[in-house]
Amino acid sequence: MRLATWNVNSVTARLPRLLDWLRTTGPDVVCLQETKTATFPEAEVAELGYEVAAHGDGRWNGVALLSRVGLADVERGFAGQPGFPDPEARAIGATCGGVRVWSVYVPNGRTIDDPHYAYKLNWLAALRDALAPTLAAGTPLVVCGDFNVAPTDSDVWDPAAFVGSTHVTAEERAALVALLDLGLHDVVPEPMKGPNPFTYWDYRAGMFHKDMGMRIDLVYASKDLADRVGRAWIDREARKGKGPSDHAPIIVELTSG
DNA sequence: ATGACCGGTCGTACCGGA
């Protein structure tokens, strides 16, 4: 099974590129984030053979799951998901090909002194609590998406540039460790070029061309699935050219289990 | 060349992204 996750930064703006990418990449299951629409282009994606489950509430956020290996038991949001003040469209789960799949878009946090930062930490803690029963039951689980946290200093282009910023704090990283402590494994993808497994590069100032990026899009898999990972890589080709998202997709090949 | 912000919005600046 070929699984992918991609923050598309507006599925409306990215639709031609998304459709081309689906045709050439041929993923079986796709987790999307930042769809930024309440009206997902389901028909266009369905033409390529995918079932669609989308969760969007307007101009911000928005997540979706695409699958051609089944899409059952869809959940929009998770139990206990915090809001700001109301829950936002940041998580969607479904069972695809025998795997419980979640696509998540973790709150940005903005700055450390902003209420959105506490919201982000609360959100990650609540996600942990919501996933615990699935892992305890031994269900194959993968949580993919834009976590808005760089797990280590090696996951940002220059740690010194991030001192005092969100995405790299001990609290945020501890929230990721708490997820791993449930029995999840960080599937680190191959960069395909250069030493850094970055998945995001700011649009500004030629950051992509200088590989000044961050690894903030993550694939967290239960052990049985992590053991089935044949290859995982970052599709940096999708970050090139005219009209890309600022994030690149991650693609994971799972051998049959 | 991968080439130097972008998407969305009751907009024609500003917010959010990270």
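Quick caveat: nothing in here was measured; it's all calculated off a predicted structure.

## A closer look at the protein's contact with DNA strand B
Right, on to step 1. Ser10, His167, Lys193, Ala205 and His209 are the nearest of the 28 residues found near DNA strand B.
Right, on to step 2. Among the atoms of DNA strand B lying within 4 Å of the protein, the sugar-phosphate backbone contributes 71%.
Right, on to step 3. Contacts to DNA strand B include Arg14, whose side-chain N or O atom sits 3.3 Å from a phosphate oxygen.
Right, on to step 4. Contact distances for DNA strand B include 3.4 Å between a sugar or linking oxygen and a backbone N or O atom of Gly206.
Right, on to step 5. Of the residues forming the surface near DNA strand B, the biggest block, 3 residues, is contributed by helix H1 (residues 11-25).
Right, on to step 6. A breakdown of the residues in the surface near DNA strand B according to their chemical character gives 9 nonpolar, 11 polar and 8 charged.

## Remarks on the UniProt feature "domain: Endonuclease/exonuclease/phosphatase" (unreviewed entry) in chain A
Right, on to step 1. On the UniProt side, "domain: Endonuclease/exonuclease/phosphatase" (unreviewed entry) is annotated at positions that read residues 4-247 here.
Right, on to step 2. End C-alpha to end C-alpha, residues 4-247 measures 13 Å, and it is 23% helix and 24% strand.

## Some words on the sheet that holds strand E4 (residues 63-67)
Right, on to step 1. Pairing is mixed in the open sheet, where 6 strands are placed in the order E3-E4-E2-E1-E12-E11. The open sheet is flanked by strand E3 (51-55) and strand E11 (229-234), the only strands paired with a single partner. Pairs of neighbouring strands in the sheet enclose a mean axial angle of 10°, with direction left out of account.
Right, on to step 2. Pairing geometry for strand E1 (residues 2-7) and strand E12 (residues 250-254), over 4 bridges, is antiparallel. Paired with Arg2 across the two strands is Glu253, which belongs to E12.
Right, on to step 3. The sheet contacts of H1 involve E1, strand E2 (29-33), E4 and E12, and relative to E1 the element is tilted by about 160°.

## A few points about the packing of aromatic side chains
Right, on to step 1. With the rule as written, the count across this model stands at 7 aromatic pairs.
Right, on to step 2. Consider the rings of Phe78 and Trp123, whose centres lie 5.1 Å apart with planes at 75°: the pair is edge-to-face. Placement of the pair is Phe78 in the loop between strand E5 (72-76) and strand E6 (91-96) and Trp123 in helix H3 (residues 115-136), with a sequence separation of 45 residues.
Right, on to step 3. Judged by relative accessible area, which is 0%, Trp123 ranks as buried.
Right, on to step 4. With centroids separated by 5.3 Å and ring planes inclined at 40°, the aromatic side chains of Phe147 and Tyr220 adopt a geometry described as tilted. One end of the pair, Phe147, is in the loop between strand E8 (141-146) and helix H4 (170-180); the other, Tyr220, is in strand E10 (residues 217-222), and 73 residues separate them in sequence.
Right, on to step 5. Judged by relative accessible area, Phe147 falls into the buried class, the value being 0%.
Right, on to step 6. The exposure class assigned to Tyr220 is buried, which follows from its relative accessible area of 1%.
Right, on to step 7. Here the aromatic residues Phe78, Trp102 and Trp123 are joined through ring pairs into a cluster of three or more.
Right, on to step 8. Over the aromatic face of Trp233 sits the side chain of Arg231, whose NZ or CZ is 4.1 Å from the ring centroid.

Analysis parameters
Residues numbered from 1 in each chain as written. Chains lettered and ligands numbered in written order. Predicted model: local features only at pLDDT ≥ 70, side-chain atom pairs only at ≥ 80, totals over all residues. Heavy atoms only, no water. Near = heavy atom within 4 Å. Polar contact = N/O pair within 3.5 Å; in protein donor to acceptor, adjacent residues only side chain to side chain. Helix = DSSP H or I, 4+ residues; strand = E, 2+ residues; numbered from the N terminus. Nonpolar A, V, L, I, M, F, W, Y, C, P; charged D, E, K, R; others polar. UniProt positions renumbered as here; feature names shortened; annotations may be inferred. Pairing = 2+ DSSP bridges. Axes fitted to C-alpha atoms, helices over the stretch in contact; angles between N-to-C directions. Contact = heavy atoms within 4.5 Å. Phe/Tyr/Trp six-rings, centres within 6.5 Å; stacked < 30°, edge-to-face > 60°. Buried < 20%, exposed > 50% of the residue type's maximum accessible area, 1.4 Å probe, protein only. Lys NZ or Arg CZ within 6 Å of the ring centre and 35° of its normal.

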